[in-house]
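Summary of structural features
The lines below spell out each chain.
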Amino acid sequence: MADNIKRIGVVGAGAMGCGVAHVCAVAGYDVHLIDSEREQIERALATINGNLARQVNSGKLTDDARKKALALISGSTDLQDLASVDMAIEAITEDEAAKRALYAKICPILKPEALLATNTSAFSITRLAAATDRPERFMGVHFMNPVPVMELVELVRGIATEEVTFETAKDFVRSLGKTPTVSEDFPAFIVNRILLPMINEAIYVLYEGVGSVDAIDVAMKLGARHPMGPLELADFIGLDTCLAGMQLLHEGLADNKYRPCPLLVKYVDAGWLGRKSGRGFYDYRGEEPVPTR
């Protein structure tokens with residue numbers, strides 16, 4: 001464990017926050033998981049319990065370690081529970097205004113010396129830090145989804161982030177058994193700066209009729225050894241999330257090579273957002289996914 005970090009606050013009990021709480025507890029940290037909805041907290045705790053059980057069944061965790069991890073996680077809807085944490089990790093929706101509003105609420109609650117991190121996958125760390133009372137103790141700690149499985153964490157410093165904050169965050173990430181990589185504070189950082197344009201280009205290949213959904217995904221799985229085809233991956237991520245990322249790249253870098261494919265826009269307009277909505281580039285409403293084009 002990072003020596004001066006004992007208690008973690010995770011704000012946002014969605015898929016990412018749930019995963020972050022999971023890996024922190026397994027590593028031995030006390031975790032306060034906070035969300036505005038009690039039902040979401042209960043769903044998150046059930047998900048964590050199920051995911052820990054799967055790790056036990058696969059031999060990656062002992063049952064004793066599972067029980068210890070569960071005992072370290074508490075769920076709450078009260079932001080005041082952040083008063084005792086050494087590090088708060090914001091993992092709410094990718095909405096910059098919502099993040100700024102949250103920081104305004106939690107900064108007066110946090111200890112003056114507490115670190116504040118965001119799990120944002122794209123927004124400017126410097127700009128988010130400026131909305132806090134501790135820009136020198138603020139940075140991006142971007143986990144990959146699904147957090148318990150993915151080994152990488154992107155660390156992103158803002159212009160004001162102090163070296164001690166960065167080193168503490170790096171030690172913290174390593175204590176979770178993850179590998180940190182360092183990105184400069186540019187739109188979408190490293191992973192999404194490369195991944196999202198690849199997905200967008202795959203959608204252009206579909207849009208232009210170069211290949212079908214099945215042909216594109218099979219080509220990249222067998223021809224480039226990708227574990228998941230780009231269109232299947234887009235459905236997993238969420239087409240609305242892919243579109244938002246491409247829009248941010250397009251606007252932030254002012255380069256037309258990042259223009260979102262019109263077909264991606266059309267799917268999002270139709271509400272076909274991928275797995276979470278039942279339809280995207282595949283239709284998930286039957287027993288097996290079926291390409292929609």
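Residues numbered from 1 in each chain as written. Predicted model: local features only at pLDDT ≥ 70, side-chain atom pairs only at ≥ 80, totals over all residues. Heavy atoms only, no water.

1. A few points about the overall build of the protein chain
Check the secondary structure of the protein chain and you find 11 helices and 10 strands. Relative to a compact globule of 293 residues, whose C-alpha radius of gyration would be 19 Å, the protein chain shows 20 Å and is just as compact. By principal-axis analysis of the C-alpha atoms, the protein chain measures approximately 55 × 45 × 35 Å. Across the protein chain, contacts joining residues at least 24 apart in sequence account for 64% of those joining residues at least 6 apart. Averaged over its 31 positive side-chain charges, the protein chain has a centre that lies 2 Å from the centre of its 39 negative ones. (Helix = DSSP H or I, 4+ residues; strand = E, 2+ residues; numbered from the N terminus. Rg over C-alpha atoms; globule rule 2.2 N^0.38 Å. Contact = heavy atoms within 4.5 Å. Lys, Arg positive; Asp, Glu negative; His and termini not counted. Charge placed at Lys NZ, Arg CZ, Asp CG, Glu CD.)

2. Things to note about the domain arrangement of the protein chain
When cut into domains, the protein chain gives domain 1 (5-181) and domain 2 (191-289). Centre-to-centre, using C-alpha coordinates, domain 1 lies 28 Å away from domain 2. Taken together, the contact pairs 9 residues of domain 1 with 4 residues of domain 2. For the pairing of domain 1 and domain 2, the buried interface totals around 460 Å² over both sides, and the portion due to carbon and sulfur atoms is 65%. (Domains from an automatic or database assignment. Buried area = accessible area lost by both parts, 1.4 Å probe.)

3. A word on the UniProt feature "domain: 3-hydroxyacyl-CoA dehydrogenase NAD binding" (unreviewed entry) in the protein chain
Listed under "domain: 3-hydroxyacyl-CoA dehydrogenase NAD binding" (unreviewed entry) in the UniProt record, and renumbered for this structure, are residues 8-185. As annotated, residues 8-185 has a helix share of 39% and a strand share of 21%, and its two end C-alpha atoms lie 24 Å apart. (UniProt positions renumbered as here; feature names shortened; annotations may be inferred.)

4. A word on the nonpolar core
Among the nonpolar cores identified, the biggest contains 36 residues, and Ile8, Leu33, Met87, Val141, Phe143 and Phe172 are the most heavily contacted of them. In terms of residue count, helix H1 (residues 15-26) provides more of this core than any other element does, 7 residues in total. Setting aside residues no more than four positions away along its own chain, Leu33 makes contact with Val10, Gly12, Ala13, Gly17, Ala21, Ile41, Ala44, Ile48, Ile73, Ser74, Gly75 and Ser76. (Core = buried A, V, L, I, M, F, W, Y, C linked by side-chain atoms within 4.5 Å. Buried < 20%, exposed > 50% of the residue type's maximum accessible area, 1.4 Å probe, protein only.)

5. Section: the side chain of Ser76
Tracing the chain through its elements places Ser76 in strand S3 (residues 73-76). At a separation of 2.6 Å, a polar atom in the side chain of Ser76 contacts the side chain of Asp81. Contacts of Ser76, omitting those with residues within four sequence positions, involve Leu33, Ile34, Asp35, Arg38, Ile41 and Asp81. (Polar contact = N/O pair within 3.5 Å; in protein donor to acceptor, adjacent residues only side chain to side chain.)

6. What about the packing of helix H7 (residues 191-207) against helix H11 (residues 262-269)?
Interhelical geometry of H7 versus H11 gives an angle of 95° and a closest axis separation of 8 Å. One way to sum up the angle between H7 and H11 is to call them roughly perpendicular. Of the residues in H11, those in contact with Asn200, Ile203, Tyr204, Leu206 and Tyr207 of H7 are Pro262, Leu263 and Leu264. A per-class count over the contact of H7 with H11 returns 7 nonpolar, 1 polar and no charged. (Axes fitted to C-alpha atoms, helices over the stretch in contact; angles between N-to-C directions. Parallel < 35°, antiparallel > 145°, perpendicular 65-115°, else oblique. Nonpolar A, V, L, I, M, F, W, Y, C, P; charged D, E, K, R; others polar.)

7. A few points about the pairing of strand S1 (residues 7-11)
Burial analysis of S1 places 4 of its 5 residues in the buried class, which makes it a mostly covered element. The parallel pair S1 and strand S2 (residues 30-34), bridged by H1, forms a crossover whose chirality is right-handed. Judged from the 4 bridges that link them, S1 and strand S4 (residues 87-90) form a sheet pairing that is parallel. Within S4, the residue paired with Gly9 across the bridge is Ala88. (Right-handed = clockwise from strand over helix to strand, strands pointing away. Pairing = 2+ DSSP bridges.)

8. Let's talk about unusual backbone geometry
At the junction of Asn145 and Pro146, the peptide bond is cis and its omega measures out at 0° in the coordinates. Examined against the element boundaries, Pro146 turns out to sit in the loop between strand S6 (138-143) and strand S7 (152-157). Positive phi, close to 70°, is recorded for Ala188, a residue that is not glycine. With respect to the secondary-structure elements, Ala188 resides in the loop between strand S8 (179-183) and H7. At Ala254, a position not held by glycine, the phi torsion is positive, near 50°. With respect to the helices and strands, the residue Ala254 is situated in the loop between helix H10 (239-253) and H11.

9. Observations regarding helix H4 (residues 96-106)
Residues of H4 that are buried: Glu96, Lys99, Leu102, Tyr103 and Ile106. Buried positions in H4, seen along its axis, are confined to an arc of 120° and lie on one side of it. Exposed and facing more than 90 degrees away from the buried side of H4 are Ala97, Ala104 and Lys105. Along its buried surface, H4 packs onto S1, S4, strand S5 (115-118), helix H5 (125-129) and S6. The opening residue of H4, the one whose side-chain oxygen lies 3.0 Å from the backbone nitrogen of Ala97, is Asp95. (Arc of directions from axis to C-beta.)

10. A look at the packing of aromatic side chains
Under the defined criterion, the tally for this structure stands at 6 aromatic pairs. Consider the rings of Tyr267 and Trp272, whose centres lie 5.7 Å apart with planes at 90°: the pair is edge-to-face. For Tyr267, a relative accessible area of 4% gives the class buried. Among the aromatic residues, those joined into a cluster by ring pairs are Tyr267, Trp272 and Phe281. Its guanidinium or amino end placed over the ring of Phe166, Arg157 lies 3.8 Å from that ring's centre, counting from NZ or CZ. (Phe/Tyr/Trp six-rings, centres within 6.5 Å; stacked < 30°, edge-to-face > 60°. Lys NZ or Arg CZ within 6 Å of the ring centre and 35° of its normal.)

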